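# Architecture at a glance
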Amino acid sequence: MALLPILEFPDPRLRKIAVTVDTVTDDIRKLAQDMLETMYAAPGIGLAASQINVHQRVVVIDVSEEGDDPRVLINPSWEPLSNEMHQYQEGCLSVPEFYDDVERHSKIQLSALNEHGEPISEVAEGLFAVCIQHELDHLNGKLFIDYLSRLKRERIRKKLEKKHRDDIKDALYEAKVKAQEQAKLDAQA
Ligand code: QAP
Ligand code: CO
């Protein structure tokens, strides 16, 4: 198992369209397990392979209260089962610390392959339905903030770009302090 780094907006790699999985191999199962571990550690309720820079149609979701119902969806697709829309305040591990309302279909028919490569088809409602629509967007290079106004999206972009600059500065500073400490130890030896 491994924790994988998550791409953050406005990284252009989040805009790539993921390719269909041909065969559900052990490598795909390993990828799904690493994605689940990464999602639980975050913690999050859904993660698409695109977010960890793997551009294949694999999604993991766990919307259970206890976090004990991991779902692996390969080549997922959905169709609306009613015209009823539902607003939900969404977030995204690739857009940390920002949340806003998005309208989604409230009832959908999900089709996918499970981790054994078996076809599944089920009706999804509530948070599960929201999450499927959000994660499938990722596979098509789309983010929940694309549904917001341009002004809101630009504000989020500026704030995250600043955070990324600060993260790099902090990392460089930490490396410098470490190097100085090591130089001191070397001088003593
Ligand atoms: C997608 O999102 C989703 O900003 C999954 O600082 C969200 O797991 C589907 C998270 C809402 C349906 C409804 C976000 C964690 C997790 C953050 C997530 C953060 C830490 C987001
Ligand atoms: Co997301």
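Attention in this report is confined to the structure presented alongside it. Counting starts from 1 at the beginning of each chain's written sequence and moves along it residue by residue. To label them, take the chains in the order written and letter them from A, then take the ligands in the order written and number them from 1. pLDDT decides what is reported in this predicted model: residues at 70 or higher carry local features, side-chain atom pairs at 80 or more are listed and counted, and totals for whole chains, interfaces and linings draw on all residues regardless. Only hydrogens and water are set aside; all other atoms, that is, all heavy atoms of the structure, feed into the side-chain values.

Right, let's get into the site of ligand 1. Any residue with a heavy atom lying within 4 Å of a molecule or strand is counted as near it. Surrounding ligand 1, one finds 18 residues, the nearest of these being Gly 44, Ile 45, Leu 93, Glu 97 and Tyr 99. Separating an oxygen atom of ligand 1 from a backbone N or O atom of Ile 45 is a distance of 2.8 Å. Any N or O atom pair separated by 3.5 Å or less is treated as a polar contact, with the protein-specific requirement of one donor-capable and one acceptor-capable atom, and with residues adjacent in sequence counted only for side-chain atom pairs. Within the side chain of Tyr 99, an N or O atom sits 3.1 Å from an oxygen atom of ligand 1. In this description, accessible areas are obtained by the Shrake-Rupley approach with a 1.4 Å probe, and a residue is regarded as covered only by the protein chains that are shown. Here ligand 1, which alone exposes 510 Å², has 86% of that area covered by the protein.

To continue, consider the sheet that holds strand S6 (residues 107–113). Strand pairing in a sheet relies on backbone hydrogen bonds. The paired strands run either parallel or antiparallel. Read from one edge of the open sheet, five strands run S1-S2-S3-S6-S7, paired in antiparallel fashion. Among the strands making up the open sheet, the edge pair consists of strand S1 (46–48) and strand S7 (119–125). Averaged over all neighbouring strand pairs, the angle between strand axes comes to 40 degrees, with direction disregarded. Note on pairing: two strands pair once DSSP finds at least 2 bridges between them. Only runs of H or I of at least four residues qualify as helices and only runs of E of at least two qualify as strands under DSSP, and these elements are numbered from the N terminus. Summarising the sheet, strand S2 (residues 58–61) and strand S3 (residues 71–80) pair through four bridges and their orientation is antiparallel. Axis geometry follows a simple rule: fit a line to the C-alpha atoms, using only the stretch in contact for helices, then measure angles between N-to-C directions, giving values from 0 to 180 degrees.

With respect to the helices, strands and loops of the structure, Tyr 99 is situated in the loop between strand S4 (85–90) and strand S5 (100–105). Only protein chains enter the accessibility calculation, which uses a 1.4 Å probe; a residue whose area is less than 20% of its type maximum is buried, one above 50% is exposed, and one in between is partly exposed. Residue class for Tyr 99 comes out exposed when judged on its relative accessible area of 54%. Along the backbone, Tyr 99 and Ile 17 are 82 residues apart, and their C-alpha atoms lie at a distance of 24 Å. Throughout, a contact is declared for two residues whenever any of their heavy atoms are within 4.5 Å. The residues touching Tyr 99, leaving out its near neighbours within four places in the chain, are Gln 89, Glu 90 and Gly 91.

Let us now look at the coordination of the cobalt ion (ligand 2). Only nitrogen, oxygen and sulfur atoms within 2.8 Å of the metal, or 3.2 Å for Na, K and Ca, are treated as donors, and water is left out, so sites may look incomplete. Cys 92 (SG), His 134 (NE2) and His 138 (NE2) make up the full set of protein donors to the cobalt ion (ligand 2), lying at 2.1 to 2.2 Å. Of note, the donors binding the cobalt ion (ligand 2) are all from one chain and are spaced C-x41-H-x3-H. Of the two residues, His 134 and His 138 both sit in helix H2 (residues 126–139), four residues apart, roughly one turn of that helix.

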